[in-house]
Amino acid sequence: WLFIMSTRPLPLAPRPFPEEAMGGWLGRIASQYQIGVDELQQLTDLDLGIAPSHENWTALPVLPLATIEPLACITRVSPEKLWIVNFNSTGISPAQAYRYCYKCLIANRRDYSAPFWQAHWLRIEDKICFMHNEKYRMARSSSFRLRPNFRRILNFVYGEDRVISQKAYRFGQSEKPVAIPL
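Note that the structure is a prediction, hence the values are computed from the model and not measured. (Residues numbered from 1 in each chain as written. Predicted model: local features only at pLDDT ≥ 70, side-chain atom pairs only at ≥ 80, totals over all residues. Heavy atoms only, no water.)

Novice: Help me out: how do you make sense of the packing of helix H4 (residues 65-75) against helix H5 (residues 79-87) in this one?
Specialist: Two quantities define a packed helix pair, namely the angle between the axes and the distance from one axis to the other. Remark: H4 packs on H5, axes separated minimally by 9 Å, with the N-to-C direction vectors making an angle of 125 degrees. The orientation of H4 relative to H5 falls into the category oblique. The hand of the H4/H5 crossing is right-handed. Every residue of H5 that contacts H4 at Leu 65, Ile 68, Leu 71, Ala 72 and Thr 75 is listed here: Pro 79, Leu 82, Trp 83 and Asn 86. Residues that form the contact of H4 with H5 fall into these classes: 7 nonpolar, 2 polar and no charged. (Axes fitted to C-alpha atoms, helices over the stretch in contact; angles between N-to-C directions. Helix = DSSP H or I, 4+ residues; strand = E, 2+ residues; numbered from the N terminus. Parallel < 35°, antiparallel > 145°, perpendicular 65-115°, else oblique. Left-handed = near helix turned anticlockwise from the far one by under 90°. Contact = heavy atoms within 4.5 Å. Nonpolar A, V, L, I, M, F, W, Y, C, P; charged D, E, K, R; others polar.)

Novice: Would you explain the nonpolar core in this entry?
Specialist: The nonpolar side chains of a soluble globular protein tend to be buried with one another. Residues Leu 26 and Trp 117 are the most contacted members of the largest nonpolar core, which totals 48 residues. Looking at this core, the elements that each hand over two or more residues are helix H2 (22-32), helix H3 (37-44), H4, H5, strand E1 (97-100), helix H6 (102-106) and helix H8 (150-170). The element that contributes the greatest number of residues to this core is H8, accounting for 6 residues. Those residues within four positions of Leu 26 in sequence are excluded, and the remaining contacts are Val 37, Leu 40, Leu 48, Leu 60 and Leu 71. (Core = buried A, V, L, I, M, F, W, Y, C linked by side-chain atoms within 4.5 Å. Buried < 20%, exposed > 50% of the residue type's maximum accessible area, 1.4 Å probe, protein only.)

Novice: So what exactly am I meant to see when it comes to the pattern of salt bridges here?
Specialist: Side chains that differ in charge, positive against negative, can pair when their charged atoms come close. Inspection of every chain in the model, using the stated rule, returns 2 salt bridges. A salt bridge links Glu 20 to Arg 28; its shortest N-O distance comes to 2.7 Å. For the pair shown, Glu 20 and Arg 28 are each scored as buried. With a shortest N-O distance of 2.6 Å, Lys 103 and Glu 134 are connected by a salt bridge. Placement of Lys 103 in helix H6 and of Glu 134 in the loop between H6 and strand E2 (137-140) is noted, with a sequence separation of 31 residues between them. (Salt bridge = Lys/Arg side-chain N within 4 Å of Asp/Glu carboxyl O.)

Novice: Would you mind going over the side chain of Thr 58 with me for this structure?
Specialist: Along the chain, the position of Thr 58 falls in the loop between H3 and H4. The exposure class assigned to Thr 58 is buried, which follows from its relative accessible area of 2%. Apart from the residues within four sequence positions on either side, Thr 58 is in contact with Ala 21, Gly 23, Gly 24, Tyr 98, Leu 122 and Phe 144.

Right under this line is the structure:
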């Protein structure tokens with residue numbers, strides 16, 4: 001594995017979205033290979049800023065140029081696009097919990113089949129999504145430690161939404177919940 005990963009581009013690497021957090025994009029890449037982001041860091045032999053506990057892998061620091069250029073080669077993404085995603089990490093610091101908008105997460109306007117973690121969720125102080133006018137939901141940072149790639153986080157978020165919908169239905173606050181296939 002190590003030899004293949006460090007000398008040739010990855011066979012599959014999803015394109016990053018301009019609004020995406022660098023850690024979220026790396027989590028989506030790791031999901032393609034059903035590995036954790038820490039394993040991706042080891043296999044690519046790059047310093048991606050992922051701590052050994054990988055608890056806060058979505059909130060990565062800005063990566064240096066010495067990491068961006070080889071990462072661009074391995075993923076076949078232009079360095080310019082990676083700089084945009086990397087710039088999204090400015091001002092992000094690890095937190096105890098991260099906010100997200102469930103509707104924005106599951107309904108990516110650019111590609112419905114590719115949900116992603118938006119960078120502004122990691123640094124905002126707002127409590128309401130400006131797109132949907134709904135309160136942000138919270139995911140504890142320990143959720144990321146227990147789920148080392150984006151697909152597992154997404155499954156966790158879908159599960160949380162099911163629980164929230166069922167509770168709201170039981171207390172008469174919404175219509176019957178609709179199951180979302182995982």
